[in-house]
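What follows is the residue order along each chain.
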Amino acid sequence: MSYIEKNIKDLREEINETCRKIGRNPEEIQLIAVTKTVDPERINEAIHAGVEHIGENKVQEIMEKYDVVSNVHWHMIGHLQTNKVKYIIDKVKLIHSLDRISLAEEINKRAKKHNKIMDVLVQVNVANEETKFGLASNEVLEFFEKIQIFEHIRVRGLMTIAPYEENPENVRKYFKKLKEIFETIKIKGFPRVDMKYLSMGMTNDFKVAIEEGSNMIRVGTGIFGRRNYNKL
Ligand SMILES: *Cc1c(COP(=O)(O)O)cnc(C)c1O
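Rules of the game
- Residues numbered from 1 in each chain as written.
- Predicted model: local features only at pLDDT ≥ 70, side-chain atom pairs only at ≥ 80, totals over all residues.
- Heavy atoms only, no water.
- UniProt positions renumbered as here; feature names shortened; annotations may be inferred.
- Salt bridge = Lys/Arg side-chain N within 4 Å of Asp/Glu carboxyl O.
- Helix = DSSP H or I, 4+ residues; strand = E, 2+ residues; numbered from the N terminus.
- Buried < 20%, exposed > 50% of the residue type's maximum accessible area, 1.4 Å probe, protein only.
- Contact = heavy atoms within 4.5 Å.
- Expected span 1.5 Å × (residues − 1).

Looking at an unreviewed UniProt entry, one finds the chain named Pyridoxal phosphate homeostasis protein, with Crassaminicella indica as its source organism. The UniProt entry for the chain carries the following text under Function (unreviewed entry): "Pyridoxal 5'-phosphate (PLP)-binding protein, which is involved in PLP homeostasis." UniProt, in its Sequence similarities (unreviewed entry) section for the chain, records the words "Belongs to the pyridoxal phosphate-binding protein YggS/PROSC family."

> Would you take a moment to explain the pattern of salt bridges for this structure?
Scanning all chains against the criterion turns up 22 salt bridges. Here E106 and R110 are joined by a salt bridge, their closest N and O atoms 2.8 Å apart. Taken as a pair, E106 and R110 lie in helix α5 (residues 101–113) at a separation of four residues, close to a single helical turn. We classify E106 as buried; its relative accessible area is 12%.

> Is there a simple way to explain the UniProt feature "modified residue: N6-(pyridoxal phosphate)lysine" (unreviewed entry) in the chain in this structure?
According to UniProt, the "modified residue: N6-(pyridoxal phosphate)lysine" (unreviewed entry) feature falls on K36. Relative to the helices and strands, K36 resides in the loop between β1 (30–34) and α2 (40–48). Other than its neighbours up to four places away in sequence, K36 contacts G55, E56, N57, E61, K65, R227 and Y229.

> Would you mind showing me how to read α5 here?
For an α-helix the count is 3.6 residues per turn, leaving residues at separations of three or four pointing the same way. Here α5 contains 13 residues, and its C-alpha end-to-end distance of 19 Å stays within 8% of the 18 Å for a straight helix at 1.5 Å per residue. Listing the buried residues of α5 in full gives L103, A104, E106, I107, N108, R110 and A111. In this structure, the buried residues of α5 make contact with α4 (85–88), β4 (94–98), β5 (118–123) and β6 (153–159). Of the residues one or two after α5, N115 is the one with positive phi, at around 60°.

> How should helix α7 (residues 172–188) be read in this particular structure?
With 17 residues, α7 ought to run about 24 Å at 1.5 Å a step, and its terminal C-alpha atoms sit 25 Å apart, in line with that. All buried positions along α7 are accounted for by R172, F175, L178, I181, F182 and I185. Positive backbone phi, at 60°, marks G189, one or two positions downstream of α7.

> Looking at this structure, how should I read the side chain of T160?
Structurally, T160 is set in the loop between β6 and α7. Of the residues examined, T160 reaches a relative accessible area of 2% and is grouped as buried. Sequence-distant contacts of T160, defined by excluding residues within four places in its chain, comprise V124, N125, V126, F175, L178, S199, M200 and R218.

Okay, here's the thing in structure tokens:
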């Protein structure tokens, strides 16, 4: 068994074990393998090992890999510049990083051109970190009200990136908070909003995230090992 196969197998076992403890069905949890800086050969290895969803945080990397990596769903998980929406609108299944009206406007415009409805998640900066993108918790409701005019966007849920903490227990409160916001939005019943996904949890904190209701975890290091940014 290869290194990547082994990591995926171990990860699935950890997901199963976490779900078993809290009485959740592990099939509810969608695993997104985060492939930033990972070359196509290794990505394909992960796909052979059963990965069905991959996440990239740069438009450039999606463009470079799109034609050589197939049979997989692409997720845009990183900050998205408005002028780059056009390159990925027909490639990705879900954009996790909607965080401003101008971006919603552009996604709507490009989706309309392609005659499609684009699925997105709204990114929330629950911990209010200066270095991170995303709406502040208290801006989320108003944001949902404002984006209702965009007929080619369907919001499927929320995403957050928790601060890095050596002890993942320290970020539990942020996951709890995002889940709360998720439920608040859900009962509002906005048109074109179908709250299904809570994208939270990475290599270091996915267990806590699952315990707090995540159903989409984004794992890079835990599958491919430490990233080598120098190679890019
Ligand atoms: C890199 C990245 C991840 C994965 O991080 P790991 O710690 O390697 O699992 C998840 N989400 C986003 C948005 C990322 O940029």
